[in-house]
Each structure stands twice: as structure tokens, then as C-alpha cells.
Amino acid sequence: MAETTHGTGGLKYDSSRRSWPNEFNIFIALVIIVAIFEVLGQLLPYMNGQSFLFDTNDRFDSIFNEARLRIIILQVAIIGIISLGVTQVIISGGIDLSSGPLVAATAMIVMSFAQTELVNGNPNPKAVFGDWAFDLPVIVPIIVGLIFGAFIGAINGILIAFTRIPPFIATLGMFLICRGIAQWWTRGQPVSFPTESYAALGAGMMPVVWFIMLAVVCHVLLRYTVYGKHTYAIGSNEDAARMSGINVRRHKVLIYMIASMLAAFAAIILSSKNLTAQSGMGLFYELYAIAMAVIGGVSLTGGRGSIIGTVLGAMVFGVIQSGFTYIKLDAYFQIMAMGAIIISAVVLDKWRQQRAATRI
Amino acid sequence: MSDIILETRDLTKYYGGVHALEGADFTLRKGEHVAIMGDNGAGKSTFVRQITGVEPRTRGEIIFDGKPVHFDGPLDARQAGIEAVFQTLALADDLDVSDNLFLGREKTWANWLGPFRFLDYKAMRADTIAALEKTAVKIPNIRNTIQYMSGGQRQCVAIARTATFHSKLTIMDEPTAALGVQETAQVENIIRTLKEQGEPLILISHNMRQVMDLVDRIIVFRRGRIVANLNKDDTDGQDVVAYITGAKTQPEYAGAA
Ligand SMILES: Nc1ncnc2c1ncn2[C@@H]1O[C@H](COP(=O)(O)OP(=O)(O)O)[C@@H](O)[C@H]1O
Ligand SMILES: [Mg+2]
């Protein structure tokens, strides 16, 4: 018996019955999913015994299949950045459907401020603006992107906080508006040929570096600051938050602004990585970002979840996606399977809540 | 300076056609503990909501600490020094005890960071334990979320919150309605502590024994109106019940019901 009297009022408190952090469950799920793909690789006749996780090319210097691992984290890093913001929105009891199209709109706008004048000695064939907009310092497109993100987020937040439109509807409207902006900006033409310094932002493994850095910042924000505490409080019991004197409206606007700025930053990294921006970019990103958060244990009813969970959720997401490719599952089935996984994650969350409620 | 902490004049609240509160004239002296009694739907909670600015009043005046006040919300009222425990508990389920105790007035550092200032968890937890020990409230672990705590424990958290932050006026709306015997005793102890500290209290309760034990004066509400203002020493349980049910009305309130 690990009974102690750590409780106040002399009440016995059994520390061995402390609740098991949900993040462990997600980590275990991650390990199990990797194991399943590994086993499938051995069992499926057309796989010829290829390994999912381990290096099978008989190179002595490595144990793991680093190329695959690298692709997995690179794949999830950019949507992962969006997911960090979506996590905060969902914890506060809201939802943000506008992030995918916002990525496209931001990328189009930002790339027009990041173009270089000469491409292989010839004038830039995709120039959007006049001469003044060529070879601007890299900080200019970054600032433009973040301001645009903050602006869209502020509209989302103001609509939701002050007109009481459900977040689902407000951000669905913004979803269409942003897609429209992305297409209207250059009448559907892609914007290409950025400056070298802009291209460096998302080159190589840079998306992963940004993702990790931003995840740490968001983790600190949610866990250790007043901003984070109030975000959980609003998602947990909005009336209680208001009664406690939290300025709920202002706080919601702030949350949506931060979420959209993260999505805008993801757009910068994505367009830099691809060296081009297209109006159709970011397809399904809003849903994938929500999926990462939900798989990571962020409750759609608000009040519960964490950045660590979302990062693990992003890894699960990446492993599943990569695993589907590995077992050569058709791309159409991949999207369907993703849908099934999102539904399972929500069902699991509900089930977990009910079980927790009856245990005590 | 007068010794009156709170006064309402002709305080009235209509919800559409429902006259929930009609012409309430009420005074509370410093250090005084007053109970409000009355049947369900008599307008007791409505009266509290007007004082704490939860919703805008239809008409009437509220004079708190010598000044007419128009609170825009419970936060406003709290900053002026009125702490309220509402009938529907204002607690966030997914936060732990000390988070709830300090919600909206966290202890922080690096305050120049504005909304992103850092929480001083250590100080808040220490204060929480001190507050709970003082009130003899029993909580297994203050770092557990309050989601699965018993009604009594939750109520105690809510009340410890008001008892921790010294206020000019404390209002409790049916604080023991859902509690067991022991938990009720704890809450009553907190109320006695407030009395010793000279902090005025408005207590809404249906529990006659409790009211007779704890307060100096009893106000009876009936169908949105005040029908009696009784010194505890000049009345008894039967008498109060007669006012609650409408068998009696004090002459000065005769126009009321
Ligand atoms: N928000 C509201 N809208 C409409 N009617 C209300 C509202 N709140 C209270 N009432 C009505 O006002 C009357 C007084 O309610 P209340 O103050 O809660 O009574 P008590 O606390 O004395 O039981 C009741 O008839 C109730 O139905
Ligand atoms: Mg009531």
C-alpha cells in the first residue's frame, strides 16, 4: 500500500492510484501501430520480407530505415505546425476548419513578396508585382504572412466570440473565403521562383526544426502561462471562466489569431519547401490537423489535451500514412482509411471519458 | 462613514413577463450575517444575480460600501469586494483544485509578458493547501482535476475560494443543498470563521436549523417580494415558515403579497 497523507485535511491519498497520463496511451498506440506494419510486411506475400522500421539493405552503419523515418517526420511537420494551433482552438472548445485554405491563400500572397528578379539570368516569368517586389529581405514575406494570418484569425475569433456564430460555421465560411482569395490573387496562376534566403526557410529538414521549436513554445504556453490556463478553463466550463473574471471574448480572439498565425507560418514553410505556391495547396490540411490533435487525445468537447499528445498524434498520423504506402495500399483507400481512423479516435475518446467516470 | 455595507432600493428584475424580483429594499450592516429564505422560485437567486451584476437589472439602486454601483459582471463585483458562491458552481472540471481556486487571479511572474505571463504554480499550491487546512476541507489530492470529486468536495473548493480572498461581502446561494452531514458541518465552520473575522455574509438556505445556528437576521422572500425582516432572537422556525408559506406577512410589507 502506498498510502500517504498527502491529501489536505488529513485525508489519505493513495499515490499509486494516480491517473495514468493519456500521452502514455498514445505512445503505446504508436508502438503498436509500428509493430502491426512490421508484421504485415513479413506476412504479406508481395512484400518479400521488407522491413518497415529496420534497415534491410545490409548497410552496417545503421539499424533503422532512416530514410523512411525522415520522410515520416518531414511529412507530418508542416501539417503538425497547423495542428499545434488547432489543438489550442479545440482545447478552448472551438474548431477551426479554415486552416487548409488559409495555407493556400497565405502561400500565394507571401510568395509574391518573396520572388527573385532573375531566374537563370532571365526575368522572372511568374512575377506578380512590379520591380519593387523583387529580392526583398526575407523578413518582409514572413511579416506579411504572419500579419495576414493574424488578420484572418482575428476575424474568425471576433465572429465566434462576439456574434456567437458556432465556430464550425464561422470557420467554414472562412474556409471558402480563403480558398477564393488564393484563386483570385493571381487568377489561378502559380507563384514561383523565390529568393534564395526564402527558399532556405523550408529546405531540407528545416520544417522539422520549425515544428519542434514551435511545439516547445506552444507546450510552454499551454502548460505554464495564464494564457494556457484560461484556454483550458474556457473549454472546460465557459460560464465558470466568465464568472471567474476571465475576459472570454478577448481570449478567444487571441486563440484563433495564434492558430491562424501558425497556419500562416506553415504556409511559408510549405511554399519555401516546394519553391512554389498554388491556389490548390493545403487540400484536407484542416482535417488532417484536426485528426492529429484528436488522435493525440485532444477532446473535441474541449478542456482536455496537450501539445505532447498532439505531437504524438502527428507521429501516429505520419506512421499510418507511411505504413499504407509501405504495404502498397492504393491512395484512394488511404484517404478512406484515414477517415475511419479519425472516427475511431473520437469514439475512443468518448469511451475513455465514460470509463474514467465510472472508475472512481 | 455609515456601518452599512450593502443597500438595495426598489431592486427589480423581470424576465419578459416573469416578475422574478419586485421592489426589494434591503440593508446589510458590516459584520452582519443575514439569511434569505423562501420557497423555490421566490426570487432569491435572482436577487443575488442582480447584486453581483451577472445580468442587468430592470430597475432599482444598489449601494455598496457607500457608493451606488453598476457592476458589468461578477468580475466587476468581485473586484469591488463581493465574493459569491453561485448555486450552479463556477468550477472548471478539467482543472485541478488550486487552478480552480486561483482561476482569474492567478499568481504569476514575468508579468510584462501580459497574457503570456507565467504561472507561479508553487505559490498557488502552497496557498491552496494552507486555505484548505484552515477550513478543514478534505481533498485527497489538490493536483487531481475536480471532475470526479464529490458534490461536497466541489462545494468546499468553491467556498474555500471565497474564504481565501478576503472580501467585503460574501454571498452563498444554497451552499449546502447537495451536501451530506459532515460536509455541511464543514461549510458551516467556514461560515463561522467568516463571522469571527467580521466579514458580512448573505446566506441563502432552506435549512432552518442552519439558519438559526448561524445568522443574525432572516429575510423572507415570497413570489419575488420581501415579506419579512426578522431578528433571529425575536423569531422561531414556525414563525419563519408561516412567512414563507404566506400564512403571515409583516405589516410594513403588507402591500407586497
Ligand atoms: N433566466 C431566467 N429567465 C426566465 N425566468 C427566470 C430566469 N431565472 C429565473 N427565472 C424565474 O424567476 C423566478 C425566480 O427564480 P429564482 O430567483 O431562481 O428563485 P429561487 O432562487 O428563490 O428559487 C422563477 O419563477 C424562475 O422561473
Ligand atoms: Mg435559487
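As shown above, the structure is provided for reference.
I will try to describe carefully the structure that is included in this document.

## Thoughts on the overall build of chain A
(1) Moving on: The number of helices and strands found in chain A is 13 helices and six strands.
(2) Moving on: Dimensions of chain A, computed from the C-alpha atoms along their principal axes, are close to 80 × 60 × 35 Å.
(3) Moving on: Counting all 360 residues of chain A, 52% fall into the buried class.
(4) Moving on: Considering only contacts within chain A whose residues lie at least 6 apart along the sequence, 73% involve residues at least 24 apart.
(5) Moving on: For chain A, the accessible surface area stands at approximately 16,800 Å², while carbon and sulfur atoms represent 67% of it.
(6) Moving on: Computed over 23 positive and 18 negative side-chain charges, the inter-centroid distance for chain A is 12 Å.

## Topic: the pattern of salt bridges
(1) Moving on: Counted according to the given criterion, the structure contains 20 salt bridges over all chains.
(2) Moving on: Here Glu238(A) makes a salt bridge to Arg242(A), at a shortest N to O gap of 3.0 Å. With Glu238(A) and Arg242(A) both in helix H9 (residues 238-243) and four residues apart, the pair spans about one turn of that helix.
(3) Moving on: The salt bridge partner of Arg49(B) is Glu55(B), with a shortest N-O separation of 3.2 Å.
(4) Moving on: Residue classification places Arg49(B) among the partly exposed residues on the basis of a relative accessible area of 25%.
(5) Moving on: Using a relative accessible area of 19% as the deciding quantity, one classes Glu55(B) as buried.

## Quick look at the packing of aromatic side chains
(1) Moving on: As enumerated under the stated definition, the model contains 16 aromatic pairs over all chains in all.
(2) Moving on: Ring geometry for Phe129(A) versus Trp132(A): centroids 5.2 Å apart, planes at 25 degrees, classification stacked.
(3) Moving on: Exposure remark for Phe129(A): the relative accessible area of 25% places this residue in the partly exposed category.
(4) Moving on: The class for Trp132(A) is exposed, based on a relative accessible area of 54%.
(5) Moving on: Ring geometry for Trp109(B) versus Phe118(B): centroids 4.9 Å apart, planes at 20 degrees, classification stacked.
(6) Moving on: According to the relative accessible area criterion, Phe118(B) is partly exposed, its value standing at 21%.
(7) Moving on: Here the aromatic cluster, defined as three or more aromatic residues joined through ring pairs, consists of Phe113(A), Phe129(A), Trp132(A), Trp184(A) and Trp185(A).

## As for the pairing of strand S12 (residues 225-231) of chain B
Residue and element names in this part refer to chain B.
(1) Moving on: Across six bridges, strand S11 (residues 217-222) lies against S12 in antiparallel orientation. Bridge pairing links Val-220 to Ala-228 in S12.
(2) Moving on: What sits between the antiparallel neighbours S11 and S12 is a turn of two residues, in which Arg-223 has the positive phi angle 45 degrees.

The rules behind these values
- For every chain, the first residue of its written sequence is number 1, and the numbers climb from 1 along that sequence.
- Lettering for chains starts from A, numbering for ligands starts from 1, and both go in the order in which the items are written.
- Only residues with pLDDT of at least 70 are given local features in this predicted model, and only at 80 or more are side-chain atom pairs given and counted; all residues enter the totals for whole chains, interfaces and linings.
- Only hydrogens and water are set aside when side-chain values are computed; all heavy atoms of the structure are taken into account.
- Numbered from the N terminus, helices here are DSSP runs of H or I no shorter than four residues, and strands are runs of E no shorter than two.
- Per-residue accessibility, obtained with a 1.4 Å probe over protein chains only, is compared with the maximum for each type, and a residue is labelled buried under 20%, exposed over 50%, and partly exposed between these values.
- Contacts: residue pairs with any heavy atoms within 4.5 Å of one another.
- Throughout, the Shrake-Rupley method with a 1.4 Å probe supplies accessible areas, and for residues the shown protein chains are the sole cover considered.
- By the counting rule applied here, Lys and Arg register as positive and Asp and Glu as negative, while His and the ends of each chain are not counted.
- A single reference atom marks each charge: NZ on Lys, CZ on Arg, CG on Asp, CD on Glu.
- Any Lys or Arg side-chain nitrogen located within 4 Å of an Asp or Glu carboxyl oxygen qualifies as a salt bridge.
- Stacked, edge-to-face and tilted labels apply to pairs of Phe, Tyr and Trp rings (six-membered ring for Trp) whose centres lie within 6.5 Å, assigned for plane angles under 30 degrees, over 60, and everything in between, in that order.
- Being paired, for any two strands, means DSSP has found at least two bridges between them.

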